[in-house]
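Listed below are the residues making up each chain.
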Amino acid sequence: MSSYRTEQKKLLLEFLATNKDNSLTIDEITEGIQRSAKESDSAPGKSTVYRLINKLLEEGKVRRFTKQGTRQSAYQLVEGAHYSLRLHLKCTECGKLFHMNSALSS
């Protein structure tokens, strides 16, 4: 089943791609998109971001993380087919995720 790309989904994916090293909350994503799309009336609201993020989670295009010390979820764009095989380190100070590349031996 294919889905069409709305302008709002496009803005969301572009924002996540430009922030691929960060795990972001729904509030941070919504505010970031609205700042970057200030000239556009098509910037999604919070409820639309929730709906789009849930679809992207189902499609495997986004991963969900739990912010350390909270029950709050944060999200990050999945890159490449072998994303789950990569090592990820998360800074305990700022929450930035670092993707470590390594050769897999068989």
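Here we summarise the structure given alongside this text. Here the structure is a predicted model, which means the values were calculated and not measured. (Residues numbered from 1 in each chain as written. Predicted model: local features only at pLDDT ≥ 70, side-chain atom pairs only at ≥ 80, totals over all residues. Heavy atoms only, no water.)

**Digging into the overall build of the protein**
Line of reasoning, step 1. Scanning the protein from terminus to terminus reveals three helices and four strands.
Line of reasoning, step 2. N-terminal to C-terminal, the α/β element order of the protein is α-α-α-β-β-β-β.
Line of reasoning, step 3. Considering the protein as a whole, with its 106 residues, one finds that 32% of them fall into the buried category.
Line of reasoning, step 4. Sequence-distant contacts in the protein: of pairs separated by 6 or more residues, those separated by 24 or more amount to 43%.
Line of reasoning, step 5. Counting only carbon and sulfur atoms, one obtains 48% of the accessible surface of the protein, whose full area is about 7300 Å². (Helix = DSSP H or I, 4+ residues; strand = E, 2+ residues; numbered from the N terminus. Buried < 20%, exposed > 50% of the residue type's maximum accessible area, 1.4 Å probe, protein only. Contact = heavy atoms within 4.5 Å. Areas by Shrake-Rupley, 256 points an atom, 1.4 Å probe, with all protein chains shown as cover.)

**Re the nonpolar core**
Line of reasoning, step 1. Counting residues in each nonpolar core, the largest one holds 19 residues, and the members touching the most others are Leu12, Leu16, Ile29, Ile33, Ile53, Val62 and Tyr75.
Line of reasoning, step 2. For this core, the secondary-structure elements that each account for two or more residues are helix H1 (7-18), helix H2 (26-36), helix H3 (46-59) and strand E2 (73-77).
Line of reasoning, step 3. Dropping the residues within four chain positions of it, Ile33 is found in contact with Leu11, Leu12, Phe15, Ala43 and Pro44. (Core = buried A, V, L, I, M, F, W, Y, C linked by side-chain atoms within 4.5 Å.)

**A few points about the pattern of salt bridges**
Line of reasoning, step 1. Across all of its chains, the model carries four salt bridges by this definition.
Line of reasoning, step 2. The shortest N-O distance in the salt bridge between Lys61 and Glu59 comes to 3.4 Å.
Line of reasoning, step 3. Overall, the relative accessible area of 37% leaves Glu59 in the partly exposed class.
Line of reasoning, step 4. Salt bridges linked by common partners bring Lys9, Glu59 and Lys61 together as one network. (Salt bridge = Lys/Arg side-chain N within 4 Å of Asp/Glu carboxyl O.)

**Topic: the packing of H1 against H2**
Line of reasoning, step 1. Running from N to C, H1 and H2 point in directions that differ by 105°, and their axes come no closer than 10 Å. Relative to H2, the element H1 is oriented roughly perpendicular. For the pair formed by H1 and H2, the contact residues are Leu11, Leu12, Phe15 and Leu16 on the first element and Glu28, Ile29, Gly32, Ile33 and Ser36 on the second. (Axes fitted to C-alpha atoms, helices over the stretch in contact; angles between N-to-C directions. Parallel < 35°, antiparallel > 145°, perpendicular 65-115°, else oblique.)

**A short note on the pairing of strand E1 (residues 62-66)**
Line of reasoning, step 1. Pairing geometry for E1 and E2, over five bridges, is antiparallel. Counted as the bridge partner of Phe65 is Ala74 from E2.
Line of reasoning, step 2. Joining the antiparallel neighbours E1 and E2 is a turn of six residues, in which Gly69 adopts a positive phi near 80°. (Pairing = 2+ DSSP bridges.)

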